[in-house]
Amino acid sequence: MKKRSFGTKLFLFTITLLLVTATLTVLNWIPSLMQKQTMKRFSSIDIAKKELRIHRLFLPTYIPEDLRLVWPPAEIYAQEVPFSAFIMHLRYRDSRDIGLVIQQADANAPYQIEPLIKIKTTNAGSQISIKDRKAVLIPAVCDGNVPCNEVSWNENGTIITLICKCSAQDIVKIASSTLPGP
Amino acid sequence: MIIRFLSSYPGMYITQSVLHSFVALIIVELSFFAWDIRDHHAKFRYRLLTLTLPVFMFPLYQIITPQRSAWYFRLNTALFDSQRWLELNPLGVLPLAAVFLAFLIAITTVFVVQEILPIFRERSARNDLGTCEGTRDTLDAMMESISSEISITKPSICIIEEPLPILVTQGFKDHTIVVSSHLIEVLDEDQLKGALTHEAVHIMRDSSTKTQLIYLLRILMFYNPVSLVEFRRVVHDDEFICDAITVSITKNPAALIAAISSFYYHPAQGLQGLSQMKERIESHSHNLLLDERIQKLRETGLEGNERFGWASFMLTASVILVMGYLVV
């Protein structure tokens, strides 16, 4: 039997790899056909709201200018299955880093969705009031040893969490602006 | 609760090691075709990748990228995310996570019944092989010549009075080849030399230690269906390798074929029900391996081993590792 050259073998090996990659990609895509409302990325908030029929969404109406964060969010993720969740990532104007994460998830969710901004160390949290809601403010150190803050509260069965590489005053201002009323 | 377990580190380890094994198995099997691998020596090494790598892949990836298991990686970087499937509940009755877990429990049961219980049974019936009736000068001389040819310490030979064909090597450091009187009677000198050389090659290759180490990996992956299959294939590959080496030494494939043929086993007719079915399945798979070995010896005869391609092996291993990283 004629022996194949190394080049031919390498070509065949590359083909098999492409085959495996394609198979895995298709297998990863099939569940989204069977269950359409699982976590996926959206190009805009309106499209996500429309597609998942989200009625209540807490969007900030104020972001301090000096934070240099860009609105609309650079990344929007949402799901209705296995529980409802909405995630927004805001980037800085002059870099690809994420400076603010806003997450809204069902309070009865079986597990937590880990925020993209990783908190390395936290200090003791303090109870604060945001427009008459009891919230917890946690000063922390995030990825790259950047000081950051986390604030979260339960808004009628929805846990709203904000993590920002900004001061406590700024995050509280942003959090307040997500809620209606003065 | 099942989803929560499968999202925990132990759950992710179990899920991903099974997936990594499947991916490794597919890549290895396709590599045999792509790299044109027919030699069992090479196949043995490639199959070891399927058995060994998935044991370490998940912890290794977690060390390299701790956020690999987070949803963000799964959604944006991963090629295949197992959670998308496990969270499915197609008929609204049973989530796929429960089906997956039930499947792993079934595999674990097979492992316990097929591989753990026989060890305990074997221990309680250790004297099944019978007592050693001593050796024969002709066999000793034959073993002496084989041992000097392949440079191993001559193993002792133990003949047992048995009406069945038995030929096994015992021990890890000091080896003893146990041979039944029946085998000595039915095989001629060349055939016996072939059979004893095969056992001596096992000693030369340190097959028993290798098998024990591979078995250890198999135990670690007791729930893994791929390990269940691949462990057997690796052990079978070892038999093919020893056959090829034997023939390269004795230059007599026909004698080894005749020796192997004497090991065909047909269960007794008296057995009933489940015992009969079990015996039939076991003897069928035993005879199938003998068929394959004979077939292989007929095809290759005195052909030498192919040169092992380390470049293609390393490339295949790297691809398995990269693909595994993208399968969460």
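Residues numbered from 1 in each chain as written. Chains lettered and ligands numbered in written order. Predicted model: local features only at pLDDT ≥ 70, side-chain atom pairs only at ≥ 80, totals over all residues.

Novice: Sorry, what's going on with the overall build of chain B here?
Specialist: What chain B contains, in helices and strands, is 14 helices and three strands. Sorting the 328 residues of chain B into buried and exposed places 32% on the buried side. Pairs at least 24 apart in sequence give 71% of the contacts found in chain B among residues at least 6 apart. (Helix = DSSP H or I, 4+ residues; strand = E, 2+ residues; numbered from the N terminus. Buried ≥ 20, exposed ≤ 12 C-beta atoms within 10 Å, placed from the backbone. Contact = placed C-beta atoms within 7 Å.)

Novice: Please clarify how the overall build of chain A should be interpreted in this entry.
Specialist: Scanning chain A from N- to C-terminus turns up three helices and nine strands. Each helix and strand of chain A, ordered N terminal to C terminal, gives the series α-β-α-β-β-β-β-β-β-β-β-α. At 21 Å, chain A has a C-alpha radius of gyration far larger than the 16 Å of a compact globule built from 182 residues. Once the C-alpha set of chain A is aligned to its principal axes, its extents read approximately 80 × 35 × 30 Å. Looking at chain A residue by residue over its 182 residues, the buried ones come to 26%. In chain A, once contacts between residues fewer than 6 apart in sequence are set aside, the share between residues at least 24 apart is 44%. (Rg over C-alpha atoms; globule rule 2.2 N^0.38 Å.)

Novice: Sorry if this is basic, but what is going on with the interface of chain B and chain A here?
Specialist: Interface size is often expressed as the accessible area that is lost when the parts come together. Residue-level contacts link 27 residues of chain B with 25 residues of chain A. At the level of secondary structure, the elements contributing two or more residues to the side of chain B that touches chain A comprise helix H1 (2-7), helix H2 (9-34), helix H4 (71-76), helix H5 (82-86) and helix H14 (310-325) of chain B. It is H2(B) that contributes the most residues to the side of chain B that touches chain A, five residues altogether.

Novice: It is not clear to me how the packing of helix H10 (residues 207-220) of chain B against helix H11 (residues 225-250) of chain B should be interpreted in this structure. Could you clarify?
Specialist: Working note: a packed helix pair is described by the angle between its axes plus the distance between those axes. Residue and element names in this part refer to chain B. For the pair H10 and H11, the least separation of the axes is 10 Å and the interaxial angle reads 170 degrees. It follows from the interaxial angle that H10 and H11 lie roughly antiparallel. Counting all contacts with H10, which are made through Ser-207, Thr-211, Ile-214 and Arg-218, the residues of H11 involved are Ser-227, Phe-231, Val-234, Val-235 and Asp-238. Residues that form the contact of H10 with H11 fall into these classes: four nonpolar, three polar and two charged. (Axes fitted to C-alpha atoms, helices over the stretch in contact; angles between N-to-C directions. Parallel < 35°, antiparallel > 145°, perpendicular 65-115°, else oblique. Nonpolar A, V, L, I, M, F, W, Y, C, P; charged D, E, K, R; others polar.)

Novice: Looking at this model, I keep getting lost on the sheet that holds strand E3 (residues 176-180) of chain B. Mind explaining?
Specialist: Within a sheet, each strand pairs with its neighbour through backbone hydrogen bonds, oriented either parallel or antiparallel. All names here are of chain B. Strand order in this open sheet of three strands is E1-E3-E2, and the pairing throughout is mixed. Each end of this open sheet is capped by a strand with a single partner; those strands are strand E1 (156-160) and strand E2 (167-170). Averaged over neighbouring strand pairs, the angle between their axes works out to 25 degrees when direction is ignored. Note that E1 and E3 share five bridges and pair parallel. Residue pairing across strands places Ser-156 opposite Thr-176, the latter belonging to E3. (Pairing = 2+ DSSP bridges.)

Novice: What exactly am I supposed to notice about the packing of H2(B) against H11(B) here?
Specialist: Residue and element names in this part refer to chain B. The geometry of H2 relative to H11 is characterised by a closest axis approach of 8 Å and an angle of 40 degrees between their N-to-C directions. Relative to H11, the element H2 lies oblique. Contact residues: Ser-21, Phe-22 and Leu-25 in H2; Val-226, Ser-227 and Glu-230 in H11. Of the residues that constitute the contact of H2 with H11, the class distribution is three nonpolar, two polar and one charged.

Novice: Can you help me understand helix H1 (residues 6-34) of chain A in this one?
Specialist: Here H1(A) is 29 residues long and its end C-alpha atoms lie 43 Å apart, about the 42 Å a rise of 1.5 Å per residue gives. Within the span of H1(A), buried status applies to A:Lys9, A:Phe13, A:Thr16, A:Leu24 and A:Pro31. Each element contacted by the buried residues of H1(A) is listed here: H2, H5 and H14 of chain B. (Expected span 1.5 Å × (residues − 1).)

Novice: Could you clarify how one ought to interpret the confidence of the model for chain B in this entry?
Specialist: Low-confidence regions, as indicated by low pLDDT, have predicted coordinates that should not be scrutinised in detail. All names here are of chain B. Looking at chain B as a whole, its pLDDT mean stands at 87, while 92% of the residues score no less than 70. H14 holds the highest mean pLDDT among the elements of chain B, 96, whereas helix H13 (residues 273-300) holds the lowest, 81. In the predicted complex, the global pTM is 0.83; the interface-specific ipTM is 0.83. (pLDDT = per-residue confidence, 0-100.)

Novice: Can you help me understand unusual backbone geometry in this one?
Specialist: Trans peptide bonds make up most of the peptide bonds, and negative phi angles are found at most residues other than glycine. Residue A:Pro72 is bonded to the preceding A:Trp71 through a cis peptide linkage, with omega at 10 degrees. Here A:Pro72 shows up in the loop between helix H2 (45-52) and strand E2 (75-79). Within the chain, A:Lys131 stands out as a residue other than glycine whose phi angle is a positive 45 degrees. Among the structural elements, A:Lys131 can be located in the loop between strand E6 (126-130) and strand E7 (133-142). Exposure remark for A:Lys131: the 14 C-beta atoms within 10 Å place this residue in the partly exposed category. Positive phi outside glycine occurs at B:Lys251, with the angle close to 55 degrees. Secondary-structure assignment places B:Lys251 in the loop between H11 and helix H12 (253-261).

Novice: Sorry, what's going on with the domain arrangement of chain A here?
Specialist: By domain assignment, chain A separates into domain 1 (1-34) and domain 2 (40-177). Computed over C-alpha atoms, the centres of domain 1 of chain A and domain 2 of chain A are 40 Å apart. (Domains from an automatic or database assignment.)

Novice: What's the story with the pairing of strand E8 (residues 146-155) of chain A in this structure? I'm lost.
Specialist: All names here are of chain A. Of the strand pairs in this sheet, E7 and E8 are connected by eight bridges, and their pairing is antiparallel. By the bridge assignment, Leu-137 is partnered in E8 with Val-151. The hairpin turn running from E7 into E8, its antiparallel successor, is three residues long, and Gly-144 in that turn takes a positive phi close to 75 degrees. As judged from the seven bridges shared by E8 and strand E9 (residues 158-164), these two strands associate in the antiparallel manner.

Novice: Would you take a moment to explain the nonpolar core for this structure?
Specialist: Considering soluble globular proteins, one finds that nonpolar side chains tend to be buried as a cluster. One finds A:Ala78, A:Ile87, A:Leu100, A:Val101, A:Leu162, A:Cys164 and A:Ile171 to be the most contacted residues of the largest nonpolar core, which totals 32 residues. Among the elements of the structure, E2, strand E3 (85-91), strand E4 (98-106), E7, E8, E9 and helix H3 (168-177) of chain A are those that each provide at least two residues to this core. With five residues, E3(A) is the single largest residue contributor to this core. Membership of the second largest hydrophobic core comes to 29 residues, among which are B:Leu25, B:Phe58, B:Ala78 and B:Ala317. (Core = buried A, V, L, I, M, F, W, Y, C linked by C-beta atoms within 7 Å.)

Novice: I'm lost on the environment of B:Gly171 in this one. Help?
Specialist: All names here are of chain B. Looking at the secondary structure, you find Gly-171 in the loop between E2 and E3. Of the residues examined, Gly-171 has 12 C-beta atoms within 10 Å and is grouped as exposed. With 59 residues separating them in the primary sequence, Gly-171 and Glu-230 have C-alpha atoms 24 Å apart.

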